[in-house]
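Given next are the chains, with one letter for each unit.
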Amino acid sequence: MHDFVTKEIRAIYSSYDGWKMSSQPLGNGYDTVVSIERRNGGHRESVKVLVTLGKSVPFPLPDELTRADPAADGTVTRHEYAVMVPANADVSSVPAGVRIYTMKSFAFKDKELTWVKKPVRKSESAPVKSPA
(Lines give C-alpha, C1' and ligand atoms only; values in the text may rest on other atoms or scores of the structure.)
Protein backbone atom coordinates (compact mmCIF):
# COMPACT_ATOMS: atom_id res chain seq x y z
CA MET A 1 0.00 0.00 0.00
CA HIS A 2 2.73 2.44 0.89
CA ASP A 3 4.28 2.17 -2.59
CA PHE A 4 1.13 3.68 -4.09
CA VAL A 5 1.04 6.41 -1.46
CA THR A 6 4.73 7.16 -2.01
CA LYS A 7 4.06 7.63 -5.74
CA GLU A 8 1.26 10.07 -4.96
CA ILE A 9 3.45 12.10 -2.59
CA ARG A 10 6.27 12.17 -5.15
CA ALA A 11 3.80 13.51 -7.72
CA ILE A 12 3.13 16.48 -5.41
CA TYR A 13 6.66 16.96 -4.03
CA SER A 14 8.86 15.94 -6.96
CA SER A 15 12.53 15.06 -6.57
CA TYR A 16 13.02 17.07 -9.76
CA ASP A 17 12.24 20.16 -7.66
CA GLY A 18 14.80 19.07 -5.05
CA TRP A 19 12.52 17.39 -2.51
CA LYS A 20 14.01 14.52 -0.48
CA MET A 21 11.67 12.18 1.35
CA SER A 22 11.91 9.95 4.42
CA SER A 23 9.20 8.30 6.46
CA GLN A 24 8.68 7.09 10.00
CA PRO A 25 5.79 4.81 10.96
CA LEU A 26 3.66 5.76 13.94
CA GLY A 27 2.73 3.22 16.57
CA ASN A 28 -0.93 3.00 15.55
CA GLY A 29 -1.48 0.79 12.51
CA TYR A 30 -0.68 2.04 9.05
CA ASP A 31 -0.37 5.73 9.96
CA THR A 32 2.94 7.21 8.83
CA VAL A 33 4.57 10.63 8.99
CA VAL A 34 6.50 11.42 5.81
CA SER A 35 9.18 14.12 6.13
CA ILE A 36 10.00 15.98 2.93
CA GLU A 37 12.81 18.54 2.75
CA ARG A 38 14.64 20.72 0.25
CA ARG A 39 16.92 23.72 0.16
CA ASN A 40 15.51 26.65 -1.76
CA GLY A 41 17.12 30.07 -2.03
CA GLY A 42 19.23 29.78 1.12
CA HIS A 43 16.32 28.48 3.17
CA ARG A 44 15.43 24.99 4.23
CA GLU A 45 11.84 24.01 3.45
CA SER A 46 10.34 21.19 5.44
CA VAL A 47 6.94 19.57 4.98
CA LYS A 48 5.57 16.75 7.11
CA VAL A 49 2.65 14.75 5.76
CA LEU A 50 0.52 12.49 7.96
CA VAL A 51 -0.58 9.55 5.81
CA THR A 52 -3.54 7.75 7.30
CA LEU A 53 -5.65 4.96 5.84
CA GLY A 54 -8.35 5.37 8.48
CA LYS A 55 -11.92 6.48 7.90
CA SER A 56 -11.23 9.67 9.87
CA VAL A 57 -8.16 11.73 10.72
CA PRO A 58 -6.88 11.21 14.28
CA PHE A 59 -7.57 14.14 16.58
CA PRO A 60 -5.48 15.79 17.89
CA LEU A 61 -2.81 15.51 15.22
CA PRO A 62 0.31 13.62 16.37
CA ASP A 63 3.16 15.64 17.89
CA GLU A 64 5.56 14.13 15.32
CA LEU A 65 3.62 15.97 12.62
CA THR A 66 3.28 19.41 14.17
CA ARG A 67 6.74 19.60 15.78
CA ALA A 68 9.38 21.32 13.62
CA ASP A 69 12.75 19.57 13.46
CA PRO A 70 15.70 21.84 14.31
CA ALA A 71 18.19 22.56 11.55
CA ALA A 72 21.67 21.26 12.33
CA ASP A 73 23.36 23.90 10.17
CA GLY A 74 21.55 26.90 11.68
CA THR A 75 19.60 27.86 8.56
CA VAL A 76 16.11 29.27 8.71
CA THR A 77 13.51 26.56 8.27
CA ARG A 78 10.10 27.05 6.70
CA HIS A 79 7.93 24.34 8.21
CA GLU A 80 4.52 23.19 6.97
CA TYR A 81 2.44 20.13 7.57
CA ALA A 82 -0.35 18.37 5.71
CA VAL A 83 -2.61 15.32 5.85
CA MET A 84 -3.11 12.69 3.14
CA VAL A 85 -6.28 10.60 3.37
CA PRO A 86 -8.19 8.18 1.12
CA ALA A 87 -11.03 9.61 -0.95
CA ASN A 88 -14.35 9.94 0.94
CA ALA A 89 -12.63 9.99 4.36
CA ASP A 90 -13.89 12.23 7.17
CA VAL A 91 -11.63 15.29 7.43
CA SER A 92 -13.82 17.37 9.73
CA SER A 93 -11.30 17.12 12.61
CA VAL A 94 -8.45 18.67 10.60
CA PRO A 95 -7.70 22.21 11.82
CA ALA A 96 -8.14 25.12 9.43
CA GLY A 97 -5.05 25.99 7.43
CA VAL A 98 -3.75 22.42 7.19
CA ARG A 99 -3.44 21.13 3.64
CA ILE A 100 -5.47 18.05 2.85
CA TYR A 101 -4.39 15.75 0.02
CA THR A 102 -6.76 13.07 -1.22
CA MET A 103 -5.33 9.77 -2.41
CA LYS A 104 -6.17 8.63 -5.92
CA SER A 105 -5.23 5.01 -5.21
CA PHE A 106 -7.52 4.37 -2.23
CA ALA A 107 -11.09 5.36 -1.39
CA PHE A 108 -13.80 4.47 1.08
CA LYS A 109 -16.87 2.84 -0.42
CA ASP A 110 -19.58 1.83 2.06
CA LYS A 111 -17.26 1.97 5.10
CA GLU A 112 -14.62 -0.22 3.41
CA LEU A 113 -11.21 0.87 2.20
CA THR A 114 -10.87 -0.14 -1.45
CA TRP A 115 -8.04 0.04 -3.93
CA VAL A 116 -8.98 2.20 -6.89
CA LYS A 117 -7.46 0.73 -10.03
CA LYS A 118 -7.09 2.47 -13.33
CA PRO A 119 -9.71 1.38 -15.85
CA VAL A 120 -8.54 -1.21 -18.33
CA ARG A 121 -8.93 0.00 -21.87
CA LYS A 122 -9.37 -2.86 -24.23
CA SER A 123 -11.52 -3.55 -27.22
CA GLU A 124 -12.82 -6.64 -28.94
CA SER A 125 -10.19 -6.46 -31.64
CA ALA A 126 -7.20 -4.31 -32.41
CA PRO A 127 -7.83 -1.62 -35.00
CA VAL A 128 -6.33 -2.52 -38.37
CA LYS A 129 -5.10 0.16 -40.72
CA SER A 130 -5.95 -0.35 -44.32
CA PRO A 131 -3.07 -0.21 -46.79
CA ALA A 132 -3.00 3.07 -48.63
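Residues numbered from 1 in each chain as written. Predicted model: local features only at pLDDT ≥ 70, side-chain atom pairs only at ≥ 80, totals over all residues. Heavy atoms only, no water.

## Digging into the side chain of Arg 44
Then, number 1: Of note, Arg 44 is situated in strand β3 (residues 43-51).
Then, number 2: Given the relative accessible area of 11%, Arg 44 is considered buried.
Then, number 3: Apart from residues no more than four positions distant in its own chain, Arg 44 is found in contact with Glu 37, Arg 38, Arg 39, Asp 69, Pro 70, Ala 71, Thr 75, Val 76, Thr 77 and Arg 78. (Helix = DSSP H or I, 4+ residues; strand = E, 2+ residues; numbered from the N terminus. Buried < 20%, exposed > 50% of the residue type's maximum accessible area, 1.4 Å probe, protein only. Contact = heavy atoms within 4.5 Å.)

## Things to note about the pattern of salt bridges
Then, number 1: Under the definition given, this model contains four salt bridges.
Then, number 2: When the shortest N-O distance is used, the salt bridge between Glu 37 and Arg 44 registers 2.6 Å.
Then, number 3: The partner of Glu 80 in a salt bridge is Arg 99, and the shortest N-O contact between them spans 3.7 Å. With a gap of 19 residues between them, Glu 80 in strand β4 (residues 77-87) and Arg 99 in strand β5 (residues 99-109) connect regions that are remote in the sequence.
Then, number 4: When its relative accessible area of 38% is taken as the criterion, Glu 80 is described as partly exposed. (Salt bridge = Lys/Arg side-chain N within 4 Å of Asp/Glu carboxyl O.)

## Looking at the nonpolar core
Then, number 1: Ranked by size, the top nonpolar core spans 15 residues in total, and within it Ile 9, Tyr 13, Ile 36, Val 49, Val 51 and Met 84 carry the most contacts.
Then, number 2: Only α1 (2-12), β2 (32-40), β3, β4 and β5 provide two or more residues apiece to this core.
Then, number 3: Setting aside chain neighbours within four positions, we find Val 49 in contact with Tyr 13, Thr 32, Val 33, Val 34, Ile 36, Leu 65, Ala 82, Val 83 and Met 84.
Then, number 4: Val 33, Leu 50, Val 85 and Val 98 belong to the second largest nonpolar core, which has twelve residues in total. (Core = buried A, V, L, I, M, F, W, Y, C linked by side-chain atoms within 4.5 Å.)

Read these as layout, nothing more, since geometry by itself doesn't imply function.
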